[in-house]
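Summary of the model geometry
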Amino acid sequence: MGVLVIAEAPGWGKRLGLLLGLLLAAGVVALAASWAADRLGQPTDVWTAEQLARAMEQSEVERLVVRGNQVTVETKAGVRALVRKEGEASILKILRDMGVPEERLRDTEIVVAALPPPFDLVASLASLLCGTPIVILLLGIGGVITFRRGRRQHEG
């Protein structure tokens, strides 16, 4: 019966519709961003430097893309992983210090990306939107607050 009162209150049909529309839009945006991040080939795994060195020694790595302290690993099997290097040492020095043979380093394509490609903005937004349940919760709280204010104004 409470829902009927809300729906019958003047102007609440529009407000409730707007709130539900916003919640639906947030869900659609989150799904689209998640899909875009997957399609743009963002790394799905996080590796340690030791895991990278092991994969390099076994000739499993096809390409390394270095962006600052982050290294994206692309394996011959199609796996994409992220390695965060620490300190100022280059990834080559780190791998050499871990015993990766020079021939393995030469066989691996290594790209140093000075500027992130344009799709990184989309991927960053997608990672922010992974917190969509929080967004939906905040929208719901905002809707309740708006509902109570409107009800007080209508009653007063």
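Presented here is an overview of the structure given in this document. (Residues numbered from 1 in each chain as written. Predicted model: local features only at pLDDT ≥ 70, side-chain atom pairs only at ≥ 80, totals over all residues. Heavy atoms only, no water.)

Within the chain, the secondary structure is distributed over seven helices and five strands. When each of the 156 residues of the chain is scored for burial, the buried share is 26%. Taking as baseline every contact in the chain between residues at least 6 positions apart, the subset at least 24 positions apart corresponds to 62%. Accessible surface, the chain as shown: approximately 10,600 Å² in total, 61% of it carbon and sulfur. (Helix = DSSP H or I, 4+ residues; strand = E, 2+ residues; numbered from the N terminus. Buried < 20%, exposed > 50% of the residue type's maximum accessible area, 1.4 Å probe, protein only. Contact = heavy atoms within 4.5 Å. Areas by Shrake-Rupley, 256 points an atom, 1.4 Å probe, with all protein chains shown as cover.)

By the element assignment, T75 lies in strand β3 (residues 70-75). Look at T75 and you get buried, because its relative accessible area is 10%. When sequence neighbours within four positions are dropped, the list of residues in contact with T75 reads W47, E60, V61 and E62.

Function cannot be read off these values alone, since they describe shape.
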